[in-house]
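Understanding the architecture of this molecule
Take a look at the letters that make up each chain.
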Amino acid sequence: MIYLDNHATTRCDPRVVEAMVPWLSEHYGNPHSSHALGADAQSAMENAIAKMAQFLNVPVDSLVMTSGATESNNLAIRGMCTHPRQKRRHIVTVTTEHPAVLDVFAELQQHGFRVTYVPVLPTGLSNAGVVDMQRLDEAIDDDTALVSVMWANNEIGAIAPMKEIARMCHDRGALLHSDATQAVGRIPVDVINTDIDLLSATAHKLYGPKGTGLLVVGNSHRRVRLNPQIVGGGQQRGIRSGTMNPAGIIGIATAMQLCSDSMLEHNERIARLRDQIWSRLTAAIDGLHLNGPGLEQGERLSGNLNFALPAIEGQAWMSAVPEIAFSSGSACSAAHSAPSHVLTALGLDESMARRSTRFGVGRFNHSDEIETVCEMLIEGHARLLALAK
Ligand SMILES: Cc1ncc(COP(=O)(O)O)c(C=O)c1O
């Protein structure tokens, strides 16, 4: 199988696995125990957290470790909005957010919050899929508690201008949360300089293990109060109870370090592979439509490609080429039969959204396999067209 679905998840890098294993086997102490085995795990975990704080440029005590970005988004948004000292009752997000944000907004709306969903720029523009900044500016008012904007989109790779968005929010006294799940490890993320108040990330998108994530809470400019969503033993300053996961935390820290060591050259390399797919396919198949920002812009993740076929559904194409792992939507919306909400938010009709596919090139892809992939995709597409005639 050739894996080209690196927005759904990434293979855990063998160097990450190697760093994690001792913390599952020999050093198995509970990091909250006071004996030597516990202290051992606690100090390794603290070192890992300090490394991540440096990588993200945040104070060490602003990191809360979680089970992944879904939990981080829930804790950030529901935790902030339901804090007893939170008096504002308006919240703002973007139509192309992940369900782990949108569903929390929908729930808060049912509990009386006023919600504004800001659109993205439509398909056809070179920066299609980037949040409409004018509409966002108009949406934030003096009653806005929180604005949530994803840093990079998981389907079309659109990158948001986070620094400008942070300024808009803070000018009106609102806080900013960013689901940075697809950004951390892929593009530089500097929380203090960008001035984001809450930031979610997960290890399995950056060649780390599944089941480990983090939430940045506050950034030294502003205090953020959260109502805990998981209560119990009072770990992590009471913000997120539960025994911490030393192996997972050492895994995510190692994974971040590896991403940071080679980010620039890695991005150049995967952009070349991504462009290779696009130019081979456009040369062989007439009428492909690129979804999201232009490939040459700095507004799209380097490994991301998303486009609509002229006549064949993405799901059928996937079935015709089972040796290649790619996707006909995001892993989450692919589980439902509805067309992708991200693509319809761009202005694609239902048929075009169903004819769309997403590729995510990653660390373990090479140019020789990309050539094979293109041949198989072109051949599979021709077979389906012949069948349709
Ligand atoms: C943008 C975005 N947010 C949140 C998530 C959920 O992350 P996790 O699987 O760690 O809960 C994902 C992964 O699918 C994602 O791509």
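Everything numeric in this text was worked out from a predicted model, so none of it was measured.

1. Topic: the packing of aromatic side chains
Evaluation of the coordinates by the stated rule reveals seven aromatic pairs. Plain terms: the ring middles of Phe307 and Phe359 are 5.8 Å apart, the flat faces sit at 5 degrees to each other, and that makes the pair stacked. Taken together, the residues span a long stretch of sequence, with Phe307 in strand S10 (residues 304–308) and Phe359 in strand S12 (residues 356–360) at a distance of 52 residues. Like Phe359, Phe307 is buried. Over the aromatic face of Phe364 sits the side chain of Arg11, whose NZ or CZ is 4.7 Å from the ring centroid. In this structure, Arg363 is placed above the aromatic ring of Tyr207, and the distance from its NZ or CZ to the ring centre is 4.1 Å.

2. Quick look at the domain arrangement of the protein chain
Split into domains, the protein chain comes out as domain 1 (2–9 + 262–388) and domain 2 (14–260). Contacts between domain 1 and domain 2 engage 36 residues on the former and 39 residues on the latter. Buried area between domain 1 and domain 2, summed over both chains or domains, comes out near 2,900 Å², and the portion from carbon and sulfur atoms is 53%. When the area that domain 1 buries against domain 2 is broken down by residue, the three leading residues are Met263, Leu301 and Arg363, summing to 24%.

3. Remarks on the sheet that holds S12
Spatially, three strands are ordered S9-S10-S12 in an open sheet, and the strand pairing comes out antiparallel. Strands with a single pairing partner mark the edges of an open sheet, and in this sheet they are strand S9 (289–290) and S12. Sheet topology places S9 next to S10; two bridges connect them, and they run antiparallel. Its bridge partner lying in S10, His289 is registered against Ala308. Against the sheet, helix H9 (residues 263–284) touches S9 and S10, its axis set at about 20 degrees to S10.

4. Describing helix H4 (residues 99–110)
Count 3.6 residues to each turn of an α-helix, and residues three or four apart come out pointing the same way. In this model H4 runs 16 Å from its N-terminal to its C-terminal C-alpha over twelve residues, within 8% of the 16 Å that 1.5 Å per residue would give. Burial in H4 covers these residues: Ala100, Val101, Leu102, Val104, Phe105 and Leu108. Residues of H4 that are buried in the fold lie against helix H3 (69–81), strand S3 (90–94), strand S4 (114–118), strand S5 (144–148), strand S6 (175–179) and helix H12 (341–345).

5. So, the site of the ligand
Every residue close to the ligand is listed here: Gly68, Ala69, Thr70, His98, Met150, Asn154, Asp179, Thr181, Gln182, Thr202, His204 and Lys205. Residue Thr70 places a side-chain N or O atom 2.6 Å away from an oxygen atom belonging to the ligand. At 2.8 Å, a side-chain N or O of Gln182 approaches an oxygen atom of the ligand. Relative to its unbound accessible surface of 400 Å², the ligand loses 86% to contact with the protein. Tallied by class, the residues present in the shell around the ligand amount to two nonpolar, eight polar and two charged.

6. A closer look at the pairing of S12
Taken across its five residues, S12 has five buried, putting it largely inside the fold. Covered by surrounding structure in S12 are Ser356, Arg358 and Gly360 together with Thr357 and Phe359, the residues of both alternating faces. Pairing of S10 with S12 involves five bridges; the strand directions are antiparallel. Within the sheet, the bridge partner assigned to Phe307 lies in S12 and is Thr357.

7. Observations regarding unusual backbone geometry
Backbone geometry at Tyr207 places phi at a positive 70 degrees, although glycine is not the residue there. Secondary-structure assignment places Tyr207 in the loop between strand S7 (198–202) and strand S8 (213–217). Phi is positive for Ser220, which is not a glycine, with a value near 85 degrees. With respect to the helices, strands and loops of the structure, Ser220 is situated in the loop between S8 and helix H8 (246–261).

Conventions and cut-offs
The residue numbering used here restarts from 1 in each chain and proceeds along that chain's sequence as written. Given that the model is predicted, a residue must reach a pLDDT of at least 70 before its local features are reported, and side-chain atom pairs must reach 80 or more before they are shown or counted; all residues, however, enter totals for whole chains, interfaces and linings. Side-chain descriptors were evaluated using all non-hydrogen atoms of the structure, hydrogens and water having been removed beforehand. Between 30 and 60 degrees the pair is tilted, below 30 it is stacked and above 60 it is edge-to-face, where a pair is any two Phe, Tyr or Trp rings, Trp via its six-membered ring, whose centres lie within 6.5 Å. Numbering of helices and strands runs from the N terminus, with a helix taken as a DSSP run of H or I at least four residues long and a strand as a DSSP run of E at least two residues long. Accessible area is worked out with a 1.4 Å probe on protein chains only. A residue is then buried under 20% of its type maximum, exposed over 50%, and partly exposed in between. Over a ring means this: the NZ of a Lys or the CZ of an Arg is within 6 Å of the ring centre and within 35 degrees of the ring normal. Note: domain ranges come from an automatic or database domain assignment. We call two residues contacting when some pair of their heavy atoms lies within 4.5 Å. Simply put, the buried area is the total loss of 1.4 Å probe accessible area from both parts when two parts are fitted together. Only strands joined by at least two bridges in the DSSP assignment are considered to pair. Fitted lines through C-alpha atoms give the axes, limited to the stretch in contact for helices. The angle between two N-to-C directions lies from 0 to 180 degrees. The span one expects for a helix is its residue count, reduced by one, times 1.5 Å. Any residue with a heavy atom lying within 4 Å of a molecule or strand is counted as near it. Polar contact is defined as a pair of N or O atoms within 3.5 Å, subject to the rule that within protein one atom must be able to donate a hydrogen and the other to accept it, and that residues adjacent in sequence are counted only when both atoms are side-chain atoms. Areas reported as accessible are Shrake-Rupley estimates using a 1.4 Å probe. Residue values count occlusion only from the protein chains shown. Just so you know the grouping, Ala, Val, Leu, Ile, Met, Phe, Trp, Tyr, Cys and Pro go in nonpolar, Asp, Glu, Lys and Arg go in charged, and all remaining residues, Gly too, go in polar.

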